[in-house]
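Read off the chains here:
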2 protein chains.
Amino acid sequence: MSRKARLAARPLTHGQRLDRLAMVAVKVGANIQPGQQLIMTANVESLPLVRRITDHAYGAGASLVTTLFSDEQTVLSRFRHGQDAAFESATGWLFEGMANALNDGAARLAICGDNPKLLDAVDPEKVGRVNSARAKAYKPVSDAITQFRTNWNIVSYATTGWAKAVFPDLHPKTAQAKLFDAIFKASRVDGDDPIAAWKAHNAELAKRRDWLNAKNFHSLRYYGPGTDLTVGLADGHAWCGGAATSQSGITCNANIPTEEVFTTPHAFRVDGYVTSTKPLNHAGSLLQGIQVRFEGGRIVSASALKGDHVLQKMIGTDDGSCRLGEVALVPHSSPISQSGILFLETLYDENAASHIALGQSYRKAFRNWKGLVQDDFVARGANQSNIHVDWMIGSGEIDVDGIHADGTIEPVMRKGEWAQ
Amino acid sequence: MSRKARLAARPLTHGQRLDRLAMVAVKVGANIQPGQQLIMTANVESLPLVRRITDHAYGAGASLVTTLFSDEQTVLSRFRHGQDAAFESATGWLFEGMANALNDGAARLAICGDNPKLLDAVDPEKVGRVNSARAKAYKPVSDAITQFRTNWNIVSYATTGWAKAVFPDLHPKTAQAKLFDAIFKASRVDGDDPIAAWKAHNAELAKRRDWLNAKNFHSLRYYGPGTDLTVGLADGHAWCGGAATSQSGITCNANIPTEEVFTTPHAFRVDGYVTSTKPLNHAGSLLQGIQVRFEGGRIVSASALKGDHVLQKMIGTDDGSCRLGEVALVPHSSPISQSGILFLETLYDENAASHIALGQSYRKAFRNWKGLVQDDFVARGANQSNIHVDWMIGSGEIDVDGIHADGTIEPVMRKGEWAQ
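Residues numbered from 1 in each chain as written. Chains lettered and ligands numbered in written order. Predicted model: local features only at pLDDT ≥ 70, side-chain atom pairs only at ≥ 80, totals over all residues. Heavy atoms only, no water.

(A) Inspection of the environment of A:Pro116 at higher detail. Residue and element names in this part refer to chain A. Within the secondary structure, Pro-116 is located in the loop between β3 (107–112) and α6 (124–146). Looking at Pro-116, the relative accessible area reads 0%, which means it is buried. Apart from the residues lying within four places of it in its own chain, the contact partners of Pro-116 are Gly-161, Trp-162, Ala-165, Asn-281, Gly-284, Ser-285, Leu-286 and Leu-344. (Helix = DSSP H or I, 4+ residues; strand = E, 2+ residues; numbered from the N terminus. Buried < 20%, exposed > 50% of the residue type's maximum accessible area, 1.4 Å probe, protein only. Contact = heavy atoms within 4.5 Å.)

(B) Representation of unusual backbone geometry in the model. Of note, the amide linkage connecting A:Ile256 to A:Pro257 takes the cis form, showing an omega dihedral of 5 degrees. Structurally, A:Pro257 can be placed in the loop between β8 (251–252) and β9 (261–263). At A:Asn216, a position not held by glycine, the phi torsion is positive, near 50 degrees. Relative to the assigned elements, A:Asn216 resides in the loop between α9 (194–215) and β5 (219–224). The backbone of B:Asn31 sits at a positive phi, close to 55 degrees, despite the residue not being glycine. Inspection of the secondary structure assignment puts B:Asn31 in the loop between α2 (14–30) and β1 (37–43).

(C) Highlighting helix α3 (residues 47–59) of chain B. Between its terminal C-alpha atoms α3(B) stretches 18 Å, which fits the 18 Å expected from 13 residues at 1.5 Å a residue. Here α3(B) has its buried residues at B:Leu47, B:Leu49, B:Val50, B:Ile53, B:Thr54, B:His56, B:Ala57 and B:Tyr58. Summarising the contacts, the buried residues of α3(B) are in contact with α4 (72–81) of chain A together with α2, β1, β2 (64–70), β3 (107–112) and β4 (152–156) of chain B. Positive backbone phi, approximately 100 degrees, marks B:Gly61, located one or two places after α3(B). (Expected span 1.5 Å × (residues − 1).)

(D) Main features of the pattern of salt bridges. Residues and elements named next belong to chain A. Scanning the model with the defined rule gives 26 salt bridges over all chains in all. A salt bridge links Glu-204 to Lys-207, with the nearest nitrogen and oxygen atoms 3.6 Å apart. Of the two residues, Glu-204 and Lys-207 both sit in helix α9, 3 residues apart, roughly one turn of that helix. According to the relative accessible area criterion, Glu-204 is partly exposed, its value standing at 48%. Residues joined by salt bridges that share partners form a network here, namely Asp-84, Glu-88, Glu-125 and Arg-129. (Salt bridge = Lys/Arg side-chain N within 4 Å of Asp/Glu carboxyl O.)

(E) Structural detail: the domain arrangement of chain A. Residue and element names in this part refer to chain A. On domain assignment, one finds that chain A holds domain 1 (3–186) and domain 2 (205–242 + 252–418). Taken together, the 39 residues of domain 1 in the interface contact 33 residues of domain 2. A buried area of about 3000 Å², summed over both sides, lies between domain 1 and domain 2, and 64% of it is on carbon and sulfur atoms. Of all residues in domain 1, Pro-116, Thr-146 and Phe-148 give up the largest surface area on contact with domain 2, accounting jointly for 19% of the area buried on that side. The tally of links from domain 1 across to domain 2 stands at 9 residue pairs in polar contact (both at pLDDT 80 or more). Mapped onto the side of domain 1 that touches domain 2, the elements with two or more residues apiece are α2 (14–30), α6, β4 (152–156), α7 (160–166) and α8 (172–186). With 11 residues, the single largest contributor to the side of domain 1 that touches domain 2 is α6. Its residues assigned to classes, the side of domain 1 that touches domain 2 comprises 22 nonpolar, 11 polar and 6 charged. (Domains from an automatic or database assignment. Buried area = accessible area lost by both parts, 1.4 Å probe. Polar contact = N/O pair within 3.5 Å; in protein donor to acceptor, adjacent residues only side chain to side chain. Nonpolar A, V, L, I, M, F, W, Y, C, P; charged D, E, K, R; others polar.)

(F) Representation of the interface of chain A and chain B in the model. Tallying the contact residues gives 37 residues for chain A and 37 residues for chain B. Both faces combined, the contact of chain A with chain B buries some 3000 Å², and carbon together with sulfur accounts for 64% of it. The largest per-residue losses of area from chain A upon contact with chain B belong to A:Tyr58, A:Phe69 and A:Trp93, which jointly make up 22% of the total buried on that side. The interface formed by chain A and chain B includes 2 salt bridges. Here B:Asp71 and A:Arg51 are joined by a salt bridge, their closest N and O atoms 2.6 Å apart. Our count for the chain A to chain B interface comes out at 14 residue pairs in polar contact (both at pLDDT 80 or more). Breaking the side of chain A that touches chain B down by element, the ones donating at least two residues are β1 (37–43), α3 (47–59), β2 (64–70), α4 and α5 (92–103) of chain A. The element contributing the most residues to the side of chain A that touches chain B is α3(A), with 7 residues. Its residues assigned to classes, the side of chain A that touches chain B comprises 17 nonpolar, 16 polar and 4 charged.

See the structure below:
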């Protein structure tokens, strides 16, 4: 073995892999352009990744990188020591400022990885009030994102709290190392050329997306244990997946990792019942065993074996929070699903299973979306809400049919895998 | 010795002293009111103090505590990897949001303690451009503070970088422990009852302030080695010191520690020359040996033995940055001065020596200031600028005279101490 081959075979250090993740977040994920400001949000524990992303962003020509850090202890402090007003208050002043920056062309990058069990012992009524106030105040930012006005990306960091929740029986250091391994693998940064790996992966997703767009189904029907759901697709819906181009003309990969293709359901044409196949971590609370029945697009009954109070509060946020805004297909053989890890983090778990989302629709999941005015968007069946919450309904036991406008049926997935 | 006496005699732990500092920052410093939001800024390293302040603030009824963290490594990253646009950009979107929140009644708390030598190796021209862009963008926030629209406080945390700069010859851990000792002592939190200690200290400062207000001097003259400066005082100037009440009606101690009484000089009646007596840490650059000559209130020549480029850039920021906005008296025997430590941090060093500030005047340093409209403020001699930079001109060798409108003279300080 030559010296070069030995060097090449040497496993990458943690720092090298973290640096590659940062590079991919900047170049493939947000795709920061020269002169752009970058607004990043991150848990303080993810500082090592924040610093590397900052280096790469300035290297790519960012004009200014601003990171808004969160700290789990101070989140808990609010619930422990806060008085009544503390649960109704939100930082509207900050979110309005952020939205102004995004609408002026700043890029957005979020590092996720909060402890999914952080709020387990907190009064769910307080959690519901806090989430609801925050969702309302955050609307200007979520509008900029769902309308895809600028380039953005979500990437993740294995915080100790998250790692402990995923691997409760392992030593904390071992748990964190194992979660990092899974993140680096799923984010495709552990091979020789992460940029090339993303190029190939984006091409695969584009192929699947183009097939679905050519079919232009009228509805999808999901069926399997606990589920028989027919989801009408919005008029002029477009399937998306992998890299996409923002209104500002910058092509980015919003999620790293990503395995899904997704589109816009019709907010008034969803009927049947559906059962969640994985737990959902929603703003620090874990929801399990969600069962929902839809009639005419609207949830008419809903329950969760765990986190029912948070589910009810979430569904009751506003008029659109009890209707679907997104539907996504992910094969059961996706690498994240095959890892066998339940990540308790939507960014990962939604890429391990087909899923639906309650709440706001994405502007870009329509044909000719850049010319769409708000009224067109709604008339075609898009949903409007302050929330957008994905939850997983796919598994190796779920079949999906595509139904054409004339009633003819084509298999889309069988036992969780692409049927053709 | 009884058990109780032994317990009482036991020295406080680091955690207990840090908790007392947090309590004083919340109760005496910012004096957070029920239902108020709090906006805090802090170095990520000061997280232990941030968490304790957050606990106390929620305990005092804060509706929401938001901390904007800074990180020295990412500040350096900008200078290391940033391209030209990186040095002209600022977070106007964030500062406008902050100003909106402060004007709507949020309280403000800053934890200082950045490494004063952080930018020593950075091109001063780039540092000057960054500071200048930031000062302009920050104006809405500094307006809210200098016009005292809300309750605010600055407190400090001994970061490793700051401790190393102050005590370069000590082991880093020893340096940090020694700096914490000095902070706890100067902030009056190491005794049995910090709240009572601050009450007594505020009463002392009020006595001195009231004496100066009763004298209503027309000018002050500072003289000693390298200094012979006559500073006219603004028409209707008021001396301030210790606790004061904001426009929103909340009494707070803006600086912890504080030893100064201060007022508003007349922006057009400053003549003579003055030499700095301590180094000045300005936005990460150390300025030493500043010498300045004033004519008719305006700087006509200025130089610094170290940091001259940063000084010139600072003075040239705008029309008001070459005139005085504040003049303050601090006895040479002040506890901070007597500690013998050069803190390289204005919050401390300005409380070890009489000082002057270039730039913006404080609204509250006028009689009947709450009724003052902008035109009155300027007509009385207040200065206007995007900057406010204090620098130290007092020592044990400086005398200060008070000069009445009729030319009679009274001694105010002799050899750095109160003359009466």
